[in-house]
Amino acid sequence: MTAKYFKYLLEFKRPSGTSRGVLLEKETFVLEVIDGNKKGIGECAVFRGLSFDDRPDYEEKLLWLCENIQKDSAALKSELKEFPSIWIGYEQAMLNLKYGKHLYFPGEFTEGQIPIIINGLIWMGNVDYMEEQIREKLEKGFHCIKLKIGVDWKSEHKVLQELREKFSKDQLELRVDANGGFTKEEAINVLQQLSDLDIHSIEQPIKAGNWSDMAALCAKTPTPIALDEELIGIIDYKEKEQLLEAINPQYIILKPSLVGGFSGSDEWIRLADEQKIGWWITSALESNIGLNAIAQYTFTKHSKLPQGLGTGGLFTNNFDNHLELIGERLLFKA
């Protein structure tokens, strides 16, 4: 068995605004594992500026994996524990090697029988741009919309108010993602304003790493809080357990490429279920390769909540797409 990788730059169709700035392109790496006449493909979707493994020795570690691909998975996992996006690329490649074609987790989803319901993501921008995206999602039949906030709260709040005036919480579920954009003091006021609008939840209202402040917010919040960036870099199972016990959030958001791959996500889900904490799965600007694998994995978890998966439509030079979006229903196509 041998392995190789190549770097690939995904180019955005339109500059995409986040609380960390505007993204023009997204770097990723494709891993290929070859065994005889079989080949498995996975994506090592490092997220510069956010990934725990955004390090100078990233490609060095990727090359190490290719040179040591014959080692057993336990040894590789131990070596790659601080490189979750490389580990998930390995997980994907080995699953694809096993099942072939474009399969990672074959089942009812990949047989085209059951779709995954996803939320519609609204990117940051001026009010007109955000409203344009919202109209498009509503026309396509989305019942759950997620808005990025934390750049211009006054304008963002106005958009949410207008939405809620038109659609009740029973008609439209609204989620927001602050990406740590507020201080604790600001967050207290924002949480109340969101509650007044029947907002489903807010992701990461304050910056990650402030466990005591986040715990205080979660204990009294009128709007459910979901941890997102807070999970990144927490590797040890016991530390994961301690984080959830200390903060006791209402939800956690799992980005497999950032939180230890499929096996790491399984650990978070097990702990969350034990502590009666809700969760859903979100992609993190992967190409169609990683997105396909993450969607297949997500289906196996049988969550009843709308998931935060992308559709592969953000980039001008993406790989072949084996997912199809019809309204809010994400389907697999062979």
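Residues numbered from 1 in each chain as written. Predicted model: local features only at pLDDT ≥ 70, side-chain atom pairs only at ≥ 80, totals over all residues. Heavy atoms only, no water.

Looking up the protein chain in an unreviewed UniProt entry gives the name Mandelate racemase, with the organism given as Chryseobacterium piperi.

Caption draft 1: Representation of the nonpolar core in the model. Ranked by internal contacts, the top residues of the largest apolar core, which has 76 residues, are Leu-147, Leu-160, Ile-202, Ile-252, Leu-254 and Trp-268. The greatest single-element share of this core, amounting to seven residues, is contributed by helix α10 (residues 288–300). Looking at this core, you find at least three residues from each of domain 1 (2–99) and domain 2 (116–332). Excluding its chain neighbours within four sequence positions, the residues that come into contact with Ile-202 are Ile-149, Val-176, Ala-178, Phe-182, Val-190, Leu-191, Leu-194, Thr-223, Pro-224, Ile-225 and Ala-226. With 20 residues, the next largest nonpolar core counts Phe-29, Val-46, Leu-76 and Phe-83 among its residues. (Core = buried A, V, L, I, M, F, W, Y, C linked by side-chain atoms within 4.5 Å. Buried < 20%, exposed > 50% of the residue type's maximum accessible area, 1.4 Å probe, protein only. Helix = DSSP H or I, 4+ residues; strand = E, 2+ residues; numbered from the N terminus. Domains from an automatic or database assignment. Contact = heavy atoms within 4.5 Å.)

Caption draft 2: Quick peek at the side chain of Asp-53. Among the structural elements, Asp-53 can be located in the loop between β3 (38–44) and α1 (58–67). Arg-48 provides the closest opposite charge to the buried, unpaired Asp-53, separated from it by 6.8 Å. Engagement of the side chain of Asp-53 in a polar contact is seen with the side chain of Ser-85, the distance being 2.7 Å. Sequence-distant contacts of Asp-53, that is, excluding residues within four places in its chain, are made with Val-46, Tyr-58, Glu-82, Phe-83, Pro-84, Ser-85 and Ile-86. (Lys, Arg positive; Asp, Glu negative; His and termini not counted. Salt bridge = Lys/Arg side-chain N within 4 Å of Asp/Glu carboxyl O. Polar contact = N/O pair within 3.5 Å; in protein donor to acceptor, adjacent residues only side chain to side chain.)

Caption draft 3: Region of interest: the packing of aromatic side chains. Counting across every chain of the model gives 13 aromatic pairs. Between Tyr-5 and Phe-29, the ring centres sit 6.0 Å apart and the planes meet at 65°, which makes this aromatic pair edge-to-face. Here Phe-29 lies in strand β2 (residues 21–35) and Tyr-5 lies in strand β1 (residues 2–18), a separation of 24 residues in the sequence. Its relative accessible area of 25% is what places Tyr-5 among the partly exposed residues. In this structure Phe-29 comes out as buried when scored by relative accessible area, which is 0%. Through a chain of ring-to-ring contacts, three or more aromatic side chains come together here, namely Tyr-5, Phe-29, Tyr-58 and Phe-83. Lys-26 extends its terminal NZ or CZ atom over the ring of Phe-47, reaching a point 5.8 Å from the ring centre. Sitting over the face of the ring of Trp-280, Arg-175 holds its NZ or CZ atom 3.9 Å from the ring centroid. (Phe/Tyr/Trp six-rings, centres within 6.5 Å; stacked < 30°, edge-to-face > 60°. Lys NZ or Arg CZ within 6 Å of the ring centre and 35° of its normal.)

Caption draft 4: View of the UniProt feature "domain: Mandelate racemase/muconate lactonizing enzyme C-terminal" (unreviewed entry) in the protein chain. Here the UniProt-annotated "domain: Mandelate racemase/muconate lactonizing enzyme C-terminal" (unreviewed entry) positions come out as residues 127–224. With 51% helix and 13% strand, residues 127–224 has its two end C-alpha atoms placed 25 Å apart. (UniProt positions renumbered as here; feature names shortened; annotations may be inferred.)

Caption draft 5: Broad picture of the sheet that holds strand β4 (residues 116–117). Here we have three strands laid out as an open sheet, ordered β4-β13-β12, and antiparallel in their pairing. Here the strands that pair on one side only, and so sit at the sheet edges, are β4 and β12 (323–326). One ladder, built from four bridges, connects β12 with strand β13 (residues 329–332); its direction is antiparallel. The residue bridging Leu-323 from the neighbouring strand is Phe-332, located in β13. (Pairing = 2+ DSSP bridges.)

Caption draft 6: Structural context of the pairing of strand β7 (residues 173–177). The buried fraction of β7 is high, at four of five residues. For the crossover from strand β6 (residues 144–148) across helix α5 (residues 153–166) to β7, the handedness is right-handed. For the handedness criterion, the β-α-β arrangement of β7, helix α6 (residues 184–196) and strand β8 (residues 201–203) is classed as right-handed. (Right-handed = clockwise from strand over helix to strand, strands pointing away.)

Caption draft 7: Region of interest: α5. With 14 residues, α5 should cover 20 Å at 1.5 Å per step; its first-to-last C-alpha distance of 20 Å lies within 8% of that length. Within α5, the full set of buried residues consists of Trp-153, Glu-156, His-157, Val-159, Leu-160, Leu-163 and Arg-164. The buried residues of α5 occupy one face: seen down the axis, they fall within an arc of 160°. Exposed positions of α5 whose direction lies more than 90 degrees from the buried face are Lys-154, Glu-165 and Lys-166. (Expected span 1.5 Å × (residues − 1). Arc of directions from axis to C-beta.)

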